[in-house]
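# Close look at the chain arrangement
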Amino acid sequence: MSREILSVKGLNAAYGEAKVLFDIDMSVNTGQIVACVGRNGAGKTTLLKSIAGFLKPTSGSVTADNTLLSGMKSYDVAKFGVKYIPQDKKVFFDLTVRENLELGSYATKDYNWDQVIAYFPKLRLLMERKAGHLSGGERQMLMIGRAILGRPKVLLIDEPTEGLAPGIVAQLKSTFREISLKTSLLIVEQNLPLVCAIADKVYAVKDGRIVAELGDKESISVAACERYL
Ligand SMILES: Nc1ncnc2c1ncn2[C@@H]1O[C@H](COP(=O)(O)OP(=O)(O)O)[C@@H](O)[C@H]1O
Ligand SMILES: [Mg+2]
């Protein structure tokens, strides 16, 4: 049975005097892929950072699995099982794929790399390669692989397919579906066909506000998303 795993209520956020998010309400259920769409500068990254504890909201609440996250430090949010994968695809360039995964295991005490490899078979072949030499798609696989160690409750992923080749995007698409069986996904994504193919719910963000919620497969379409951008 599906239940609410992440809930954002009345969230406001600002950088100093500049208000960026206004009264954001959203929720993610177990087993769901929820997408957040919007133009550049709409506030999508700020929203994920606020949930992940990297930016303290000025008001409102973030709750995961009935636990209040707002006010927690980012590392405690991650430890609780809400993991954030930032937009900039930063991995440790001078470390190998294996060493990057080891860091993930070290943090979460989860050494179940088989699961990671099952999602991303290609990583097995790249184990001894320096992460700095990976393609963008391979780097994204590594970031997601590292993030799912420890079986997080929720993954927050910021623009995972930005700049990636279509073949890799297609592969990520099916992997997201598989991952969502165990870990709910909240994805910020500009690739609308991809969003519409995988999302159970879509929030459109404009100028820091949620201007639409498409809550079922029938109402989720590229045309419907575009109407709100
Ligand atoms: N660190 C920051 N300091 C001040 N303003 C910021 C900062 N990061 C983003 N902003 C501003 O907040 C707004 C939302 O940005 P962002 O959340 O990155 O949007 P999106 O991810 O939707 O492109 C923009 O106007 C941006 O200029
Ligand atoms: Mg962004």
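My aim in this report is to walk through the structure given alongside it, one point at a time. Remember, predicted model here, so these are calculated numbers, not experimental data.

### Quick word on the coordination of the magnesium ion (ligand 2)
- Around the magnesium ion (ligand 2), the protein supplies Thr45 (OG1) and Gln87 (OE1) as donor atoms, at distances of 2.0 to 2.7 Å. One end of the pair, threonine 45, is in helix H1 (residues 44–52); the other, glutamine 87, is in the loop between strand S6 (82–85) and helix H3 (97–108), with 42 residues separating them in the sequence.
- The class for glutamine 87 is partly exposed, based on a relative accessible area of 27%.

### Description of the packing of aromatic side chains
- Under the definition given, this model contains one aromatic pair.
- Ring centres of phenylalanine 54 and tyrosine 84 lie 5.5 Å apart, and the angle between their planes is 45°; this geometry places the pair in the tilted category. Of the two residues, phenylalanine 54 sits in the loop between H1 and strand S4 (59–64) while tyrosine 84 sits in strand S6, which places them 30 residues apart along the sequence.
- We classify tyrosine 84 as buried; its relative accessible area is 18%.

### Regarding the state of the cysteines
- In the structure shown here, the tally under the stated rule is zero disulfides.
- Cysteine 225 supplies the cysteine sulfur nearest to cysteine 36, a cysteine that is in no disulfide, at a spacing of 11 Å.
- Cysteine 36 sits in the buried class, given a relative accessible area of 1%.
- The cysteine cysteine 196 is free of any disulfide, with cysteine 225 supplying the nearest cysteine sulfur at 4.1 Å.
- Exposure remark for cysteine 196: the relative accessible area of 17% places this residue in the buried category.

### Some thoughts on the sheet that holds strand S3 (residues 33–37)
- With mixed pairing, six strands are arranged side by side in an open sheet as S6-S7-S8-S3-S9-S10. Taken across any chain shown, the strands that pair with only one partner, and hence form the sheet edges, are S6 and strand S10 (209–214). Sheet twist, expressed as the mean angle between neighbouring strand axes with direction ignored, is 15°.
- Where strand S9 (residues 201–206) lies against S10, five bridges are found, and the strand directions are antiparallel. Residue pairing across strands places valine 205 opposite isoleucine 210, the latter belonging to S10.
- Strands S3, S6, strand S7 (154–158), strand S8 (184–188) and S9 of the sheet are contacted by H1, whose axis makes an angle of about 150° with S7.

### Some details on the nonpolar core
- In this structure, Ile144 and Phe176 are the most contacted members of the largest nonpolar core, which totals 34 residues.
- The set of elements that each furnish at least two residues to this core consists of H3, helix H4 (113–119), helix H6 (136–148), S7, helix H7 (166–180), S8 and helix H8 (192–198).
- Among the elements that line this core, the one with the most residues is H6, at six residues.
- Those residues within four positions of isoleucine 144 in sequence are excluded, and the remaining contacts are Ile85, Phe120, Leu155, Leu172, Phe176 and Ile179.

### Focus on H6
- In this model H6 runs 18 Å from its N-terminal to its C-terminal C-alpha over 13 residues, within 8% of the 18 Å that 1.5 Å per residue would give.
- Counting buried residues in H6 gives 12 out of 13 residues, a clear majority hidden from the surface.
- Listed in full, the buried residues belonging to H6 are Gly137, Glu138, Arg139, Gln140, Met141, Leu142, Met143, Ile144, Gly145, Arg146, Ala147 and Ile148.
- For H6, the elements touching its buried residues are S6, H3, H4, helix H5 (122–125), S7 and H7.

Reading guide: rules and limits
Residues numbered from 1 in each chain as written. Chains lettered and ligands numbered in written order. Predicted model: local features only at pLDDT ≥ 70, side-chain atom pairs only at ≥ 80, totals over all residues. Heavy atoms only, no water. Donors = N, O, S within 2.8 Å, 3.2 Å for Na, K, Ca; no water. Helix = DSSP H or I, 4+ residues; strand = E, 2+ residues; numbered from the N terminus. Buried < 20%, exposed > 50% of the residue type's maximum accessible area, 1.4 Å probe, protein only. Phe/Tyr/Trp six-rings, centres within 6.5 Å; stacked < 30°, edge-to-face > 60°. Disulfide = S-S within 2.5 Å. Pairing = 2+ DSSP bridges. Axes fitted to C-alpha atoms, helices over the stretch in contact; angles between N-to-C directions. Contact = heavy atoms within 4.5 Å. Core = buried A, V, L, I, M, F, W, Y, C linked by side-chain atoms within 4.5 Å. Expected span 1.5 Å × (residues − 1).

That's the geometry; what it means functionally is another story.
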